[in-house]
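Fold and contact review
Residue strings, one per chain:
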Amino acid sequence: MNIDYISIPTLRVFIEVYETMNMSQTAKNLAMTQPGVSQHIKSLEGLLQISLFDRINKKVLPTEQAHWLYRECRQILENLEKALGEVSAKKNALKGTLHIGMPIEFGNNRLLPIIAQWLKLHPEVSLQINYDHAARQSQLLLNGGLDFAITDSFNFPKQIATKNLSSERLILCCSKEYASEHQLSETTKFKKADELDFIAYLEGSPVITSWFKYHLNKNFHKQPKAQLMDVQGVLRLTLAGVGISVLPLHVIERSDNKSKLMLFKGTKDHMVNELNLAYLNARKLGPVASSLFEFLTENI
């Protein structure tokens, strides 16, 4: 039997007739005509090719098949009504698990306090956070592993849309101890950069390369002394005098060891890293994701 031929209103009429055992009362309860009620029952019996009710002295008595069908249909319709009610209520009572990505440092220090406020407003929402850089966040967005991500500046594929959320100033710096050892000043032009040591955040030193291109119009090809994908790790190695690095200004200003760092001025205003909300163009954000998306945009 193909369920496509049976409508929910027909099942609703069947359940009402079963419970009242009276066609007239069913018509009254459902605001229908009695012939309309009879037609629904006849149609259902015809499709199932069984008799659901025996008509005796103007009464309708359920058959054995009707008893079984009633138990099953009533439970199914109750579950359906419950599910529809929960879905329609989600605007006011969000539920579910949200998967988002974010960079470690900016995420922990700028985003998590805001996200914590949002989570308190929605106690039935849980959150799974992926800490990673933009390139890998991009892949997770493409394969559906993330609802959206907060990422650094990145050349995303065309399937991913971005919305600017915030920005951070990027500063080239080293410890004052390292600067003294290598005779560096705040206005150094790095004519012998290949003789210095650098600490990179990602493979290929893209941030350091960008700084040299932006401020000095120089190409940077130096192999880093150390490479680690953690801003706090880069900060610690820099403070320890291992080499020169690029750090977000908010990380430097928050450091108790700021007085130990030399900040290189460059030739222009500070280079800026844009922080974006990234999401798939073709994927519509659900109510939970949309709510956090809007909350971050308004409160960052």
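Preceding this paragraph is the structure being described.
Worth saying up front: this structure is predicted, and the values here are computed from it rather than measured.

1. What to know about the side chain of Thr26
Mapping Thr26 onto the fold places it in helix H2 (residues 23-29). Given the relative accessible area of 0%, Thr26 is considered buried. Not counting the four nearest positions on each side in its chain, Thr26 is found in contact with Val13, Glu16, Val17, Thr20 and Val37.

2. Some words on a nonpolar patch on the surface
Taken together, the side chains of Ile8, Leu80 and Leu84 present a nonpolar region at the surface, about 270 Å² in accessible area. With respect to the helices and strands, Leu84 occurs in helix H4 (residues 64-88). With a relative accessible area of 54%, Leu84 lands in the exposed category.

3. Description of the side chain of Ser245
Relative to the elements of secondary structure, Ser245 occurs in strand E9 (residues 245-248). Look at Ser245 and you get buried, because its relative accessible area is 0%.

4. Quick notes on the packing of aromatic side chains
Here the structure, examined in full by the defined rule, presents 12 aromatic pairs. A centroid spacing of 6.3 Å and a plane angle of 50° characterise the contact between Phe14 and Tyr18, whose relative ring orientation is tilted. Remark: Tyr18 and Phe14 occur in helix H1 (residues 8-20); sequence separation between them is four residues, near one turn of the helix. The burial state of Phe14 is the same as that of Tyr18; both residues are buried.

5. Here we look at the pattern of salt bridges
Taken as a whole and judged by the stated rule, the model has seven salt bridges. Linking Glu81 and Arg12 is a salt bridge whose minimum nitrogen-to-oxygen distance equals 2.5 Å. Taken as a pair, Glu81 in helix H4 and Arg12 in helix H1 lie far apart in primary sequence, 69 residues in all. By relative accessible area, Glu81 is classed as partly exposed at 42%. Residue class for Arg12 comes out partly exposed when judged on its relative accessible area of 33%. Salt bridges linked by common partners bring Glu19, Arg74 and Glu78 together as one network.

6. Observations regarding the packing of H1 against helix H3 (residues 34-48)
Relative orientation of the contacting elements H1 and H3 amounts to 105°, with a least axis distance of 9 Å. Viewed along their axes, H1 and H3 adopt a mutual orientation that is roughly perpendicular. Touching Pro9, Thr10, Val13, Phe14 and Val17 of H1 are Val37, His40, Ile41 and Leu44, all from H3. Residues that form the contact of H1 with H3 fall into these classes: seven nonpolar, two polar and no charged.

7. Observations concerning the pairing of strand E4 (residues 125-131)
Pairing of strand E3 (residues 96-102) with E4, which is carried by seven bridges, proceeds in the parallel orientation. Bridged to Gly101 within E4 is Asn130. Handedness of the crossover is the feature at issue here: the chain leaves E3, passes through helix H5 (residues 104-121), returns alongside E4, and the resulting connection is right-handed.

8. Some words on the packing of H5 against helix H11 (residues 287-299)
The relative placement of two packed helices is expressed as an angle between their axes plus a distance between the axes. Look at H5 against H11: their axes get within 10 Å of each other, and the N-to-C directions meet at 130°. Looking at the two axes, H5 sits oblique to H11. You can see that H5 and H11 cross each other, and the crossing is right-handed. Contacts from Leu111, Ile114, Ile115, Gln117, Trp118 and Leu121 of H5 reach H11 at Val288, Ser291, Leu292, Phe295, Leu296 and Asn299. Split by residue class, the contact of H5 with H11 holds nine nonpolar, three polar and no charged.

9. Comments concerning H3
The end-to-end C-alpha distance of H3, which contains 15 residues, comes to 21 Å, matching closely the 21 Å that a straight helix rising 1.5 Å per residue would cover. Buried within H3 are the following residues: Val37, Ser38, Ile41, Leu44 and Glu45. Viewed end-on, H3 has its buried residues packed into an arc of 130°, placing them on one side of the element. More than 90 degrees from the buried face of H3, the exposed residues found are Pro35, Gln39 and Lys42. Following H3 by one or two positions, Gln49 has its phi on the positive side, about 60°.

10. As for unusual backbone geometry
Look at Gln183: it is not a glycine, yet its phi comes out positive at around 55°. A residue is classified by how much of its surface remains accessible, and Gln183, at 75% relative accessible area, is exposed. Although it is not a glycine, Asn217 adopts a positive phi angle of roughly 55°. Along the chain, the position of Asn217 falls in the loop between helix H8 (206-216) and strand E8 (226-227).

What counts, and at which threshold
Residues numbered from 1 in each chain as written. Predicted model: local features only at pLDDT ≥ 70, side-chain atom pairs only at ≥ 80, totals over all residues. Heavy atoms only, no water. Helix = DSSP H or I, 4+ residues; strand = E, 2+ residues; numbered from the N terminus. Buried < 20%, exposed > 50% of the residue type's maximum accessible area, 1.4 Å probe, protein only. Contact = heavy atoms within 4.5 Å. Patch = residues over 30% accessible without salt bridge, like charges linked within 9 Å, V, L, I, M, F, W, Y side chains within 5 Å. Areas by Shrake-Rupley, 256 points an atom, 1.4 Å probe, with all protein chains shown as cover. Salt bridge = Lys/Arg side-chain N within 4 Å of Asp/Glu carboxyl O. Phe/Tyr/Trp six-rings, centres within 6.5 Å; stacked < 30°, edge-to-face > 60°. Axes fitted to C-alpha atoms, helices over the stretch in contact; angles between N-to-C directions. Parallel < 35°, antiparallel > 145°, perpendicular 65-115°, else oblique. Nonpolar A, V, L, I, M, F, W, Y, C, P; charged D, E, K, R; others polar. Pairing = 2+ DSSP bridges. Right-handed = clockwise from strand over helix to strand, strands pointing away. Left-handed = near helix turned anticlockwise from the far one by under 90°. Expected span 1.5 Å × (residues − 1). Arc of directions from axis to C-beta.

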